[in-house]
Amino acid sequence: MKPWMRTVGLTLACTAAAGGAGALALVYSGWYDSSATQPHTPPVNAVLEAALQRSITVRAADIAVPPLDDPQRAIDGFRLFRAHCVQCHGAPGVAPEPFARGLMPAPAALVDTARHWPPSEIYWVIRQGVKMTGMPAWQYRMSDAGMWDVVAFMKVLPGLSPAQYRDWESRYAGSGAPGPGPAVPAASRAAVPDATDLRLGDAETGRRVMQQYLCVTCHAIPGVVGANRHVGPPLGGIANQRYIAGILPNTPANLVRWLRDPSAIDPMSAMPDLDVSEQDARDMAAFLYTLDDAR
Amino acid sequence: MSQAKTPGIFMDCLSHAGRLGLGVRPRGICRLPAWLGAGLLLAALSGCGEPAAPLAPPAQASALPGADVARGRQRIAEYGCASCHTIPGVRGPSARVGPPLRHLASRAYLAGVLANTPGNLVRWLRDPPAISPRTAMPNLGLSEADARDVAAYLLTLR
């Protein structure tokens, strides 16, 4: 062995050892926050998203997609969707159940998924699930044809208005599938009478709360990690917006009303009722009013 | 080369290479086992082709045959859309009365109530209050042809 090889080898070994020790110290110190209330840092989020996307694309590359346009297939898929998917993912005008709103990462709005993901990859995710998310592997709980039925329904889903989705509910839901009843917000904080010691809205708290009500799955929101979808309108510049939802003059009181009870203001809206408490709505409004045209 | 002096892993690789007919004679350190190399290569190659089409692709201006994007942009100026909306490519006061129309083609819903399809966009432009009675957007009396042209332009805003 030549001397320079020895130097290079030793340097590499020392660097590796130092790196390993650093990583170990980082893990053991508990520096990384594993709570579902604290979002990933933007770089970590970007790496995780890219790794997930590539992992799925590579593995789903050879899946042959069966015909999906049979209307009966979509109806069968809707029944499965209603029984197993809507609880976490929601639907047009239908909020995910309270337990699902606290998940990190947030369960995707499937309208957006259908608009951007190929059928083979959607099928693969339904079949295999996703590690360290709430997404289970359905292959052990659903037939192969059933999983493709769900994909067939997801092809129809982005074309349904909230009113049309309700129409599907009344026409096709009664097949014995154990779908959820009307959302019961009994366990939610909103059902508790508001405390008398409400404080003024706090923008930083509001920014964190945006994650907990799944705002991030539908809206592009400057300053909120991972919020880059276009199901609802982008919220950048909302402070300068004249109307809320095209209907309500944009005042702080109206914004709080809208956040708490959108269906009372616009029964046709795709924005669901998320059982937002008065305090959380105030905090979110305070945050949203920091989003002026400059952002 | 005597077998007694050769580490086991070396022979493994050698036999892999032999089996694959590579005719490689590893020297000094061993190459990656053939199965690992092939696996990495496969992983690198798969998914590198054309990305597969989405399940339900967002609306395209081409879905409106006969509609003209350039004429649509002109109609937007004539109908004064920019007095309420900020519209990329259309000069105006950066108004914030209606929502800004950037990314309109990427949006899943129109006015929060209607799936964003080319047909629905034309319907919405022709008579918004008929679809959402409480909307602040007025009926501007667009003809079918004008609405199709305007929709074609708006669907270029990704």
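In this text the structure is predicted, and so the values were computed from the model without any measurement.

1. Observations concerning the overall build of chain B
The helix and strand tally for chain B stands at six helices and two strands. Going from the N terminus to the C terminus, chain B shows its helices and strands as α-α-α-β-β-α-α-α. As displayed, chain B offers around 9,000 Å² of accessible surface, 60% of which is attributable to carbon and sulfur atoms.

2. Remarks on the interface of chain A and chain B
Across the boundary between the two partners, chain A contributes 41 residues, which contact 33 residues of chain B. Between chain A and chain B lies a buried interface of about 2,900 Å² when both sides are counted; carbon and sulfur atoms form 55% of it. Linking chain A with chain B are zero salt bridges, by the criterion used here. Secondary structure elements with two or more residues in the side of chain A that touches chain B: α2 (42-59), α6 (110-116), α7 (119-128) and α8 (144-156) of chain A. Taken together, the residues of the side of chain A that touches chain B sort by class into 23 nonpolar, 12 polar and six charged.

3. Considerations on the packing of helix α4 (residues 118-126) of chain B against helix α6 (residues 144-154) of chain B
Residue and element names in this part refer to chain B. Where α4 meets α6, the closest approach of the two axes is 9 Å, and the angle between their N-to-C directions is 125°. Of the possible angle classes, the one that applies to α4 and α6 is oblique. In the packing of α4 onto α6, the handedness of the crossing is right-handed. Contacts between α4 and α6 involve Leu121, Val122, Leu125 and Arg126 on the former and, on the latter, Glu144, Ala147, Arg148, Val150, Ala151 and Leu154. For the contact of α4 with α6, a count of residues per class yields seven nonpolar, no polar and three charged.

4. Re unusual backbone geometry
The peptide bond linking Met104 of chain A to Pro105 of chain A adopts the cis configuration, its omega dihedral lying at 0°. Relative to the assigned elements, Pro105 of chain A resides in the loop between α5 (98-101) and α6. Although it is not a glycine, Ala245 of chain A adopts a positive phi angle of roughly 55°. Position of Ala245 of chain A among the secondary structure elements: in the loop between β1 (243-244) and β2 (248-249). Given a relative accessible area of 36%, Ala245 of chain A falls into the partly exposed group. Backbone geometry at His103 of chain B places phi at a positive 65°, although glycine is not the residue there.

5. Things to note about the nonpolar core
All names here are of chain A. One finds Phe81, Val151, Phe153, Tyr165 and Trp168 to be the most contacted residues of the largest nonpolar core, which totals 42 residues. Listed by contribution, the elements that provide at least two residues to this core are α3 (71-84), α6, α7, α8 and α9 (162-172). With seven residues, the top contributor of residues to this core is α8. If near-sequence neighbours (up to four positions away) are discounted, Phe153 is found in contact with Ala74, Gly77, Phe78, Phe81, Leu160, Tyr165 and Trp168.

6. Here's the deal with the environment of Met147 of chain A
Residue and element names in this part refer to chain A. Among the structural elements, Met147 can be located in helix α8. The buried category is assigned to Met147, whose relative accessible area is 0%. Taking the C-alpha atoms as reference points, Met147 and Gln211, separated by 64 residues in sequence, lie 29 Å from one another. Contact partners of Met147, with chain neighbours within four places excluded, come to Tyr123, Ile126, Arg127, Trp138, Gln139 and Met142.

7. Considering a nonpolar patch on the surface
Residues and elements named next belong to chain A. A cluster of nonpolar residues, Met1, Trp4, Met5, Val8 and Leu12, forms a patch on the protein surface that exposes about 630 Å² of accessible area. In this fold, Leu12 is placed in helix α1 (residues 3-29). Its relative accessible area of 59% is what places Leu12 among the exposed residues.

Conventions used here
- Residues numbered from 1 in each chain as written.
- Chains lettered and ligands numbered in written order.
- Predicted model: local features only at pLDDT ≥ 70, side-chain atom pairs only at ≥ 80, totals over all residues.
- Heavy atoms only, no water.
- Helix = DSSP H or I, 4+ residues; strand = E, 2+ residues; numbered from the N terminus.
- Areas by Shrake-Rupley, 256 points an atom, 1.4 Å probe, with all protein chains shown as cover.
- Contact = heavy atoms within 4.5 Å.
- Buried area = accessible area lost by both parts, 1.4 Å probe.
- Salt bridge = Lys/Arg side-chain N within 4 Å of Asp/Glu carboxyl O.
- Nonpolar A, V, L, I, M, F, W, Y, C, P; charged D, E, K, R; others polar.
- Axes fitted to C-alpha atoms, helices over the stretch in contact; angles between N-to-C directions.
- Parallel < 35°, antiparallel > 145°, perpendicular 65-115°, else oblique.
- Left-handed = near helix turned anticlockwise from the far one by under 90°.
- Buried < 20%, exposed > 50% of the residue type's maximum accessible area, 1.4 Å probe, protein only.
- Core = buried A, V, L, I, M, F, W, Y, C linked by side-chain atoms within 4.5 Å.
- Patch = residues over 30% accessible without salt bridge, like charges linked within 9 Å, V, L, I, M, F, W, Y side chains within 5 Å.

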